[in-house]
Amino acid sequence: MRIQWIKTPPLAEFGGFDTARLYQMVPLGGKREIGIEVDQACVVESENTGVASIANVLTLAGPLASAPTTTNGILLSPGSRVRFSIVGVGEGHTRLLVRDGVLQSRLLVSVKTKRVAPYAVYFLKDIRRSTTRSSTSVQPTMVGVRKLFLNYANVELKPMQPEYADVIVPRDLGNPLFLNRNLGSGETVFKAILDATPNSLLEVAINGGVLVYCSWDVEDVVTIGATKGNCAFVEDVNGTTNTFAHEIGHALGLEHHNLSPGFLMYATYSGADDLLSAGEIDKLNESGAVPDIGYDPNYLEL
């Protein structure tokens, strides 16, 4: 039996889908659109309608065997191609099953409660240099970043007050910042930046939020940032929405991987891609996580 789960435009705009793991994130109380194409008669049904149900069935090609009478299943005729909503009924995980008498395919569904992560964006300056960015240039970028994380993982990046501010460090921080992985000079630079950051916002951010520093050239900040809480540094030379999202992904706990260049956290990131894998989505928002996926940034695609 041939089964194809469909996530092409316009379905693709509803994020949180991992083609390799056949996984779909659905926000609690919300929905995600998906499609399926089959070459034989079958039924598509939710294993647990208390977690996720099926609604809004639309035929794209071929006939339905019959209209669904409940939110639990769709009867499909050979050659059917349909789209439908997966509705997040209760926090947790379940599966959509495709059967033609025996189980032929499954789609893992994780229904997630919204996670709120506060953030602030700072424009770094020292006595010799400053970032070329401003709040005017960053605002539209952060709109895209916030949409990406909400769409894929039901993580709401919520602006702290002030959302944008200058951080002025009264010393020469050097160019590039940090220089190496051993926490010698890099530790001193990092402490100077933290000392210049408002304490009230610093405390909030380290307890689950993100501080985003717009800065000049950065080298090897990963280890330092990981030891000091949720801080992301974005260089002036690379300012796409997905570059900001990549660095914020690190601050929220994601690591590099070698899955494919299509993913946001790919090790040699180009700034052009925005996909998140199932494990990364579950890492960002652990509510409703699927136990048999786990978070391994270097898992091999199935």
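What counts as what
Residues numbered from 1 in each chain as written. Predicted model: local features only at pLDDT ≥ 70, side-chain atom pairs only at ≥ 80, totals over all residues. Heavy atoms only, no water. Helix = DSSP H or I, 4+ residues; strand = E, 2+ residues; numbered from the N terminus. Buried < 20%, exposed > 50% of the residue type's maximum accessible area, 1.4 Å probe, protein only. Areas by Shrake-Rupley, 256 points an atom, 1.4 Å probe, with all protein chains shown as cover. Phe/Tyr/Trp six-rings, centres within 6.5 Å; stacked < 30°, edge-to-face > 60°. Axes fitted to C-alpha atoms, helices over the stretch in contact; angles between N-to-C directions. Parallel < 35°, antiparallel > 145°, perpendicular 65-115°, else oblique. Left-handed = near helix turned anticlockwise from the far one by under 90°. Contact = heavy atoms within 4.5 Å. Nonpolar A, V, L, I, M, F, W, Y, C, P; charged D, E, K, R; others polar. Pairing = 2+ DSSP bridges.

Novice: Hey, could you run me through the overall build of the chain in this one?
Specialist: Scanning the chain from terminus to terminus reveals six helices and 15 strands. Out of the 302 residues in the chain, the part that is buried amounts to 49%. Put simply, the chain shows about 13,000 Å² of open surface, and 51% of that area lies on carbon and sulfur atoms.

Novice: Could you clarify how one ought to interpret the packing of aromatic side chains in this entry?
Specialist: The relation between two aromatic rings is expressed through the spacing of the ring centres and the mutual angle of the planes. If you walk through the whole model with that rule in mind, you get four aromatic pairs. Measuring from ring centre to ring centre gives 6.2 Å for Phe123 and Tyr164, while their planes differ by 25 degrees; the resulting arrangement is stacked. Placement of Phe123 in strand β12 (residues 115-125) and of Tyr164 in strand β13 (residues 155-168) is noted, with a sequence separation of 41 residues between them. Exposure remark for Tyr164: the relative accessible area of 16% places this residue in the buried category. The structure contains a cluster of three or more aromatic residues connected by ring pairs, namely Tyr122, Phe190, Tyr213 and Phe233.

Novice: Could you clarify how one ought to interpret the packing of helix α1 (residues 135-153) against helix α5 (residues 241-251) in this entry?
Specialist: The angle between the axes and the distance between the axes are what describe a pair of packed helices. Where α1 contacts α5, the axes come no closer than 9 Å and their chain directions differ by 60 degrees. As far as their axial angle goes, α5 and α1 are oblique. Viewed along their axes, α1 and α5 form a crossing whose handedness is right-handed. Contact with α1, carried on its side by Val138, Thr141, Met142, Gly144, Val145, Leu148 and Phe149, involves Thr241, Asn242, Phe244, Ala245, Ile248 and Gly249 of α5 and no other residues of that element. Of the residues that constitute the contact of α1 with α5, the class distribution is eight nonpolar, five polar and no charged.

Novice: Whenever I open this one, the pairing of strand β3 (residues 23-27) confuses me. Can you help?
Specialist: The two faces of a sheet get side chains in turn, since along a regular strand they alternate between them. Burial within β3 is extensive, with five of its five residues counted as buried. Where burial is concerned, the two faces of β3 agree: the one with Tyr23, Met25 and Pro27 and the one with Gln24 and Val26 are both buried. Bridge analysis of strand β2 (residues 17-18) against β3 gives two bridges, and the strand direction is antiparallel. Residue pairing across strands places Asp18 opposite Tyr23, the latter belonging to β3. Linking two consecutive strands that pair antiparallel, namely β2 and β3, is a turn of four residues; a positive phi of about 45 degrees is found at Leu22 within it.

Novice: Sorry, what's going on with the sheet that holds β12 here?
Specialist: Consider a sheet: its strands pair through backbone hydrogen bonds, and that pairing is either parallel or antiparallel. Taken in spatial order, the four strands line up as β13-β12-β14-β15 in an open sheet, and their pairing is parallel. This sheet does not close on itself; its edge strands, each paired only once, are β13 and β15 (231-235). The average angle at which neighbouring strand axes cross in this sheet is 20 degrees, direction not considered. Where β12 lies against strand β14 (residues 210-215), five bridges are found, and the strand directions are parallel. Pairing of Ala120 across the sheet is with Leu211, part of β14. Here helix α3 (residues 199-206) sits on the sheet and contacts β12, β13 and β14; the angle it forms with β13, its principal contact strand, is near 150 degrees. Docked against the sheet, α5 engages β13, β14 and β15, running at close to 155 degrees with respect to β15.

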